[in-house]
Amino acid sequence: MEEPFVKKNIMEEPSVTVDSTAKTRDYQQEMLDASLKENIIIAQDTGSGKTLIAILRMRYEIERGSQKVSWFLAPTVALCNQQHSVIKDNMQVPVGLIHGALEPKQWTDISLWKRVLENNRVIVSTPQVLLDALSHGYIHMGLDIGLLVFDEAHHADRNHPMSCIMRDFYFSLPPRLPATSGSSVPTKQDERPMILGLTASPMFGGNATVAFRKLEANLDCVIRSPRANRDELLTHVHRPIFRHVRYDTPQYSDSSYTSKNLSAVEAVIATMNIEEDPFVISLRQKLAKTSRGPEYTRLDQKLSKAVQSKKTYSHSGMNDLANAGKAICYDIGPWAADWYIGSVVSRALDKKTPWDEFIGTLQPKEKTYLMKHLSQIELTPLSRDPADIEAGITDKVRVLLDTLEYEKDWSELSADEPYSGLIFVTRRDGVLALSEVLRNHPRSAHFKLGCLLGSSQSSYRNSFLDITRTLLKDQPQADILDDFRSGDRNLIVATSVAEEGLDIQACGNVIRWDIPDNMASWAQSRGRARRRLSSFVLMFESTGIDNARVAEFEKLEAQMTALYQADRASRPTVSNDEEVPDPDEPVFRVKSTGATLTPLLAVSHLNHFCAVIPNSVNLPIYDIDPPDMPEGWHSFDPVTRVVPPPYPGPFGCTVTLPRRLPAEFRIFTVDRIYPTKQSAYRHVAYKAYLALYHANLLNDHLLPLTSAVEPDLEEEVKKLLKDVEKRSGMASVTSQMNPWQDEATDTAWTATRIVIPGFSPIRMLTRVDLPSFAAGEAPVLYHPHKGRIDVELQAQGAARHSASDLEAAHESTRRLFWCLYGIRMQWDKFDFAYLFEPAEEDPERDVWDARRRWLRDLQGEESLADDLFANAATFGEAFSYPADINWIRDGFPYGKVYRFLGWRYDPLSEEELQDFMARYSKMSDIEVTYPLLHVEELPQRRNFLQPLESTSIAPLRRSILPPKSCRIVLLSQVQCDHAILIPSIIRHISIAATAVSLRETLLTGTPLYSVPPSRLITAITAPVAQGHVNYQRLETLGDGVLKLVMSIHLIATYPFWHEGYLTRRKDHAVSNSRLAKEAIRLSLYKWIVRDRFTPRKFKPQYFTTGEVNEVIEDVVTGDTSQGTPKVPEDLSTKMLADVAEALIGAAYLHGGYNLGIECTRLFDLGIDPKAGWQPLEVYIDKALSCVETADVSTQVTDVERMIGYIFTHKLLLVEAITHASYQFDLQTVSYERMEFLGDSVLDMVITDHLYHHPGKQFTPGQMHIRKSAVVNMHFLTYICFQCSLEKDASLPRPTRGGIVMDEETQRICLYQSLLHSSPVVFDQQRATLARYRKVKDEIEEALLRGSTFPWAALTRLQAPKFFSDMIESIIGAVYLDSRGNMDVVRQVLRKLGIMQQLERNLKDKVDVLHPLQRLNIWAAREHKELTSEFEEERGHVTCTITVEGREPVQATAEKRGRASQEEARFAAAEKAIKLWDVKANDGIKDA
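From a predicted model like this one, the values you see are computed outputs, not experimental measurements. (Residues numbered from 1 in each chain as written. Predicted model: local features only at pLDDT ≥ 70, side-chain atom pairs only at ≥ 80, totals over all residues. Heavy atoms only, no water.)

Description of the overall build of the chain
Looking only at helices and strands, the chain has 49 helices and 39 strands in total. Counting every position in the chain, which comprises 1487 residues, the buried fraction comes to 56%. Contacts in the chain between residues far apart in sequence, at least 24 positions, make up 75% of those at least 6 positions apart. Total accessible area on the chain stands at roughly 65,800 Å², and carbon and sulfur atoms take up 50% of it. (Helix = DSSP H or I, 4+ residues; strand = E, 2+ residues; numbered from the N terminus. Buried < 20%, exposed > 50% of the residue type's maximum accessible area, 1.4 Å probe, protein only. Contact = heavy atoms within 4.5 Å. Areas by Shrake-Rupley, 256 points an atom, 1.4 Å probe, with all protein chains shown as cover.)

Observations concerning the sheet that holds strand E38 (residues 1436-1443)
In space, the 3 strands of this open sheet follow the order E37-E38-E39, with antiparallel pairing throughout. Of all the strands in the sheet, just strand E37 (1426-1433) and strand E39 (1449-1454) have a single pairing partner and so form its edges. Strand-to-strand twist across the sheet, computed as the mean angle between neighbouring axes with direction ignored, equals 20°. The sheet contact formed by E38 and E39 spans 6 bridges and is antiparallel. Of the residues in E39, the one forming a bridge with Val1437 is Ala1453. (Pairing = 2+ DSSP bridges. Axes fitted to C-alpha atoms, helices over the stretch in contact; angles between N-to-C directions.)

A word on the pattern of salt bridges
Evaluation of the coordinates by the stated rule reveals 64 salt bridges. Salt-bridge contacts for Arg672 lead to Asp625; the nearest nitrogen and oxygen are separated by 2.9 Å. With Arg672 in strand E18 (residues 667-674) and Asp625 in strand E16 (residues 621-625), the pair connects residues that are 47 residues apart, well separated along the chain. Its relative accessible area of 38% is what places Arg672 among the partly exposed residues. For Arg788, the salt bridge goes to Asp790, with nearest N and O atoms at 3.0 Å. Residue Asp790 is classed as partly exposed on the basis of its relative accessible area of 42%. Connected via shared salt-bridge partners are Arg57, Glu61 and Arg64. (Salt bridge = Lys/Arg side-chain N within 4 Å of Asp/Glu carboxyl O.)

Observations concerning the packing of helix H5 (residues 127-135) against helix H7 (residues 161-170)
Any two packed helices are characterised by how steeply their axes cross, that is the angle between the axes, and by the distance between the axes. Taken N-terminus to C-terminus, the directions of H5 and H7 make an angle of 25°; their axes are 8 Å apart at the nearest point. Considering the angle they form, H5 stands roughly parallel to H7. For H5 against H7, the interelement crossing comes out left-handed. Along its contact with H5, which presents Pro127, Gln128, Leu130, Leu131, Leu134 and Ser135, the element H7 presents Pro161, Met162, Cys164, Ile165 and Phe169. When the residues that make up the contact of H5 with H7 are grouped by side-chain class, the tally is 9 nonpolar, 2 polar and no charged. (Parallel < 35°, antiparallel > 145°, perpendicular 65-115°, else oblique. Left-handed = near helix turned anticlockwise from the far one by under 90°. Nonpolar A, V, L, I, M, F, W, Y, C, P; charged D, E, K, R; others polar.)

A short note on the packing of helix H33 (residues 1032-1053) against helix H40 (residues 1232-1251)
Two elements in contact, H33 and H40, have axes separated by 9 Å at closest approach and are oriented at 155°. Compared by their axis directions, H33 and H40 come out roughly antiparallel. For H33 against H40, the interelement crossing comes out left-handed. Residues Arg1033, Leu1034, Thr1036, Leu1037, Gly1040, Val1041, Lys1043, Leu1044, Ser1047, Ile1048, Leu1050 and Ile1051 of H33 pack against Arg1233, Phe1236, Leu1237, Ser1240, Val1241, Asp1243, Met1244, Thr1247, Asp1248 and Tyr1251 of H40.

Some words on the environment of Pro662
Within the element layout of this structure, Pro662 appears in the loop between strand E17 (651-656) and E18. For the pair formed by Pro662 and Trp1057, sequence separation is 395 residues and the distance between their alpha carbons is 7.9 Å.

Observations concerning the environment of Arg753
Counting through the fold element by element, Arg753 comes out in strand E20 (residues 750-755). Along the primary structure Arg753 and Gln794 are separated by 41 residues, whereas in three dimensions their C-alpha atoms are 4.9 Å apart. Here Glu840 takes part through its side chain, which lies 3.1 Å from a polar atom of the side chain of Arg753. (Polar contact = N/O pair within 3.5 Å; in protein donor to acceptor, adjacent residues only side chain to side chain.)

Quick word on the sheet that holds strand E3 (residues 95-98)
Through backbone hydrogen bonds, the strands of a sheet pair up, either in parallel or in antiparallel fashion. The strand order E3-E4-E2-E5-E6-E1-E7 describes an open sheet built from 7 strands, whose pairing is parallel. A single partner strand is all that each edge strand has here, and the edge strands are E3 and strand E7 (222-224). Each strand axis lies, on average, 20° off the axis of its neighbour in the sheet, ignoring direction.

Quick word on the nonpolar core
By size, the foremost hydrophobic cluster in this structure holds 182 residues, and its most contacted members are Leu1143, Leu1310, Ile1370, Tyr1375, Leu1392 and Ile1394. Counting residues per element, this core draws most heavily on helix H36 (residues 1133-1163), at 18 residues. Leave out the neighbours within four places in its chain, and Ile1394 touches Ile1246, Val1270, Phe1275, Leu1276, Ile1279, Ile1367 and Leu1389. Formed by 59 residues, the second largest nonpolar core is a distinct cluster that contains Tyr247, Val437, Val537 and Met539. (Core = buried A, V, L, I, M, F, W, Y, C linked by side-chain atoms within 4.5 Å.)

As for the packing of aromatic side chains
For the structure on display, the rule yields 38 aromatic pairs. Both rings, one in Tyr419 and one in Phe447, keep their centres 5.5 Å apart while their planes meet at 75°; by these two values the pair is edge-to-face. Here Tyr419 is found in the loop between helix H18 (395-413) and strand E9 (421-424), whereas its partner Phe447 is found in the loop between helix H19 (428-440) and strand E10 (449-452), with 28 residues between them in sequence. Residue Phe447 is classed as buried on the basis of its relative accessible area, which comes to 8%. Between the aromatic rings of Trp1057 and Tyr1061, the centroid separation amounts to 5.7 Å while the plane-to-plane angle is 90°, which identifies the pairing as edge-to-face. As far as burial versus exposure is concerned, Trp1057 and Tyr1061 are alike and both buried. Pairwise contacts between aromatic rings join Trp740, Phe817, Tyr821, Phe832, Tyr834, Phe836, Phe1098 and Tyr1102 into one cluster. (Phe/Tyr/Trp six-rings, centres within 6.5 Å; stacked < 30°, edge-to-face > 60°.)

Quick word on the side chain of Arg1233
Structurally, Arg1233 can be placed in helix H40. Although buried, Arg1233 forms no salt bridge, and the nearest oppositely charged side chain, Glu1215, lies 4.6 Å from it. In this structure, Arg1233 is in contact with Ile1051, Tyr1054, Pro1055, Phe1056, Trp1057, Glu1059, Leu1062 and Glu1215, ignoring residues within four places of it in sequence. (Lys, Arg positive; Asp, Glu negative; His and termini not counted.)

Brief notes about H18
Given 3.6 residues per turn, any residue in an α-helix points the same way as the ones three and four places further on. With 19 residues, H18 ought to run about 27 Å at 1.5 Å a step, and its terminal C-alpha atoms sit 27 Å apart, in line with that. Inspection of H18 places Lys396, Val397, Val399, Leu400, Leu401, Thr403, Leu404, Glu407, Lys408, Trp410 and Ser411 among the buried residues, and these make up the whole buried set. (Expected span 1.5 Å × (residues − 1).)

As for unusual backbone geometry
Excluding glycine, most residues fall at negative phi; most peptide bonds, likewise, are trans. In this structure, the amide linkage connecting Gly649 to the following residue, Pro650, adopts the cis form with an omega of 0°. For Pro650, the position within the fold is in the loop between E16 and E17. The linkage connecting Tyr930 with the following residue, Pro931, adopts the cis geometry, with an omega of 0°. With respect to the helices, strands and loops of the structure, Pro931 is situated in the loop between helix H30 (910-919) and strand E29 (932-937).

Some words on the environment of His1264
One can find His1264 in helix H41 (residues 1260-1271). Looking at His1264, the relative accessible area reads 41%, which means it is partly exposed. With 18 residues separating them in the primary sequence, His1264 and Ile1246 have C-alpha atoms 9.8 Å apart.

Structural notes on helix H45 (residues 1361-1377)
Between its terminal C-alpha atoms H45 stretches 24 Å, which fits the 24 Å expected from 17 residues at 1.5 Å a residue. Burial runs high along H45: 16 of the 17 residues are buried. Immediately beyond the C-terminal end of H45, within one or two residues, lies Arg1379, with a positive phi of roughly 60°.

Considerations on the state of the cysteines
All chains considered together, the criterion is met by 0 disulfides. Considering cysteine sulfurs only, Cys1280 is the nearest to Cys1309, which forms no disulfide, with 8.5 Å between them. The exposure class of Cys1309 is buried, given its relative accessible area of 12%. (Disulfide = S-S within 2.5 Å.)

Details of the side chain of His978
Within the fold, His978 resides in helix H31 (residues 973-1003). Contact partners of His978, with chain neighbours within four places excluded, come to Ile756, Ser760, Pro761, Ile762 and Leu816.

What about the confidence of the model for the chain?
Of all residues in the chain, 81% attain a pLDDT of 70 or more, and the chain-wide mean is 81. Segment residues 573-583 is flagged for pLDDT under 50; beyond a separation of four residues in sequence, or across chains, it makes 5 contacts in the model. (pLDDT = per-residue confidence, 0-100.)

Comments concerning the pairing of strand E13 (residues 535-541)
Of all 7 residues in E13, 7 are buried; the element is thus mostly enclosed. On E13, burial covers both faces: Ser535, Val537, Met539 and Glu541 on one face and Phe536, Leu538 and Phe540 on the other are all buried. Bridge analysis of strand E8 (residues 241-247) against E13 gives 7 bridges, and the strand direction is parallel. Its bridge partner lying in E13, Val245 is registered against Met539.

Shown next, in the form of structure tokens:
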């Protein structure tokens, strides 16, 4: 797994060097000492240095050698970033930062978490991050965490993650043992960590004593504040001067108080009718199309609630705008309300506004509806005249301006510091409006203003008013804070984002526009005033209604101070009863990992589980019991219908999971026993998630299987989770085996007689036993003059040769090889791996022996030269120019070898003379002396294993050569024939011996031993060897076999797995990386024939190495190994995987699917040893055993008639035609599992047909092109429409003679049999049908009679994938029901028309190459990069295809999802082919 991006320091190697403790204030040391003795919550004012105490406490943990981490929790991401920066700067050990923005939920490899813990001594995170890690068992609190710090600890209440961490994971641990006095290095005990809390206000409100006790119990702490050094604390804590101001609110008693734009909005809202809202109309249409059932009930409830609450996107948006405008108008003034409404409406109507960021999945009709009403708002232009602004503000704003002027003067005169202030406003829209007033009012011109808004605090998130985010797009929040700290801004209007924790040291004045909601907010906002002389101002209504709340805060603060000062005993103990989980809140723990499940955690876990199901957009559907609204309430008379009173409880709930899960794991229900809806939601989610775990659909970390990536390849589930590995380009392996050597060096020679029809036989001596060749397995040579030659190899057993006989065989062998291949040999090197001698008496032997003796005598006894090449002039004079010469070499030693035709005595013609002199122009002493040599080229063909081409052979060129510069090859005709044929024979024997070695080594004792060597030879011969056979076709066949047997194995072995799990597991098992690894494990590389056979560069095999004269390129021989130790070489991992698949293909051809399974067993592929590989029949029986019997509808019978097959197991067909949206027959899973199987079955049938097509040897590329034409989504969609039957639709009608039947039939198409409950599917079916009717005739004509496959017309169908999925799922069901009978599957494919189309394409040589493929092949051949880019605008998709050196080409299609992109790209490709002059036959090369 690739490690996720993490903040710097998380992965750094740890260092344990720590500085000595920094100098602390006495009150800080007091708190530090207290934290070492017990768990405490430090309650001190903001700015008093609580964080420093926590740093010192964490440093103590490090200095004492703790093996556990200190974990610092802060409630927000902003605060995490701030505290991490401070802690890191004060530590000399790595400090890690983890928060939601780093997506820690994706850190599903436990080794990654272990590394984080090992490399960081301190970790800073949000509480949710730690809660998730604990709940999934990646972090074990007792073993991994020594100190847990809670910043802003007052949040640890109810179901806040801080509280959940303690409740679910802390209290279940053994209590912490006292430290042993003599222990220097603490041991890693499983015990509760120490707790340290930090807060400025330990409570939100209520009774201080009760609040303290509750917080202390939740965090297992006691609240402490400095007592002995409290006076020192007070000298460092600069409590602001508390002031208050009062303002009048006459507008609240004035019913006519409003703004012009607000009135305009309200006027438009008054005209809106909820029944005209497109959302409500759409719901009514969907409801009308939906049959009664759970989905009908959901739609009914959704519609009633929409009508009753009027909370559609459009109506809510308009009402939210009016409500926000009204609140601003009353709080800030009409001018601000007019500005706000005008700004929002203008932004919404501005075409430049990035709407997609805010409207999400809003339908176009809803957007149009909303825009229509927004455009009807008659906006009044906003005046920015100071008098108009002053007239349009409330008294509260005027009092604020007075306060700002006073505070600025006070700061500059009394405090002698420049003014800096914060105004806290509760509402987000209030911040925006108040800021605009202050920017434009002349009295605030000397303030440099900024705004701070929380990114996730809007009460209008995912609503129309999200558009207000664009109002601050030019004011980055971080920059505003930096400007405030630096003094470039001196006034900030903020929501609570700046209230808690953020360090703003420069602030001297805090103004609360709204009275704080609770004690914590009071303390936090007051604490932002940090200067020595600072002020805290509250704004009160003059009526005094806010006074009581402020008095309450002051009283609570006094009570808290008294409690701090009191002699608080140890933290409250938790009774044994409290440690036992509430029966209403069950807890489940996985013992092996510590992963924990509670109802509170289950809801988010269940959402995640459903979200990772591939190709599924379904989240859990919760149906509350009882429903909120009476059934059909939306259709009641609007005048008389009454909104039912809220049901008080208790509640039950049903959760429905996506249909891709088996029926027993899809619907869960809890009874009506829970006090709240939320409690019912949680408990039913808990019940469902626990059931998924027990069904092995979750791992032991309580995570979905496919969401984790594990490195260990030995365990079944971890293999499943491991993503298909990125294939490494090359694998380091040793060279292929040398079949000519035996481990024993003193092995005796064995003899083999080689009979070559048309030539003299020859005997071969080897020190290894050659394989026995059955009929059809011996070498077949293809001679240019003699045609096909079937060589016969006759084993003769041990060779009974004397030393002199062996010496003669060595001499004979050397002469045979030296004459043609001597440039790659050493004359005095004799240790050949094979020897050759005549098997019968050569009639010319004595003649040529005598001539060789003559040459040796001529050269002298001391000469080390060969005795094969004699000067032609000298030889002719010595032997009277004999006519029985065979070969001539022109030049020496590297000259060309010719066939001797005769001696030329006749004078050369003038033309012949000119050619002769031109040829030897570089030889200064050349002269024409007779007789000359008349010769002919030897045939170019030397690899006699390759079948002859059907084309005629060009005549061989003849020449005249001068004898003085030529050599006579002193070999007989028999020897010459053998010399040229033997390399091909050696090559065949070498490959055959390699195949036999593979069989004897890997396949012995297995059914695979019966696979004939001829098939093994094909399977192990790589294309790079350029032999007459290679593995490519077998690999294509084996790939189909492997995918099919893996698919049926998974279907049978894992009946509960949905298609996503199955696909991931299959992809992992059959990936090239997995196959290559298994091939390396088996040392398969030793038997892969990958050396190129080039007879012209042949070099004989030796037992020992020696200096060899390398002349031309790299020497590639009959076998390149030279008896040396194995030499490492680079070998493509794809080649390793291809050979594995080719062997599976060979096994299938010899023994069917079960032998293919036996070969798959050889490679293991990570299959669970308990399950193992089984025969096909076992898998099918196992899969069918899970299929129940049941009555089925007529619809199923109709499908049987359409496809021409009657099912034994009817529910298989029901499953195959059931869409995931179907709400009835809940015992049947949707079609995805059958589609998963059917995809492999269809692929296998078509590949097998193409492989065996008579008269053709299609290459893998050609098979792929032809297969793609009949298995692609568009063609299968066409089949789904074409497959149909006529049904009797006769109706009675009255006539004068009585009632008669009107004979009429109706055509029912296969796609209409899809079982679904989705209006979307229904609409897609109708839309695709309309497009089908437009292109049907064009497609049909092209398929029946056209010369080009109708890709263009098929693509215009723009069909959703469920059409083609339906065909594949039916094929999968037929395969399973027929018990794997491929003949039955072929019959169904023929009934569907797929086989006929494939046969027609082959018979008539239809051009089936897809235009995009043709274009890519052309670009690759031209060495150019092809790119496609898409643009979407105004309901259309435009595809632009570009290639270097050509004009870009564009095409546009109507936008209908991803299918429209494909149509646009297809059209662009066709256009490019024409404009760029790409030939029609580019990319097609017929076999």
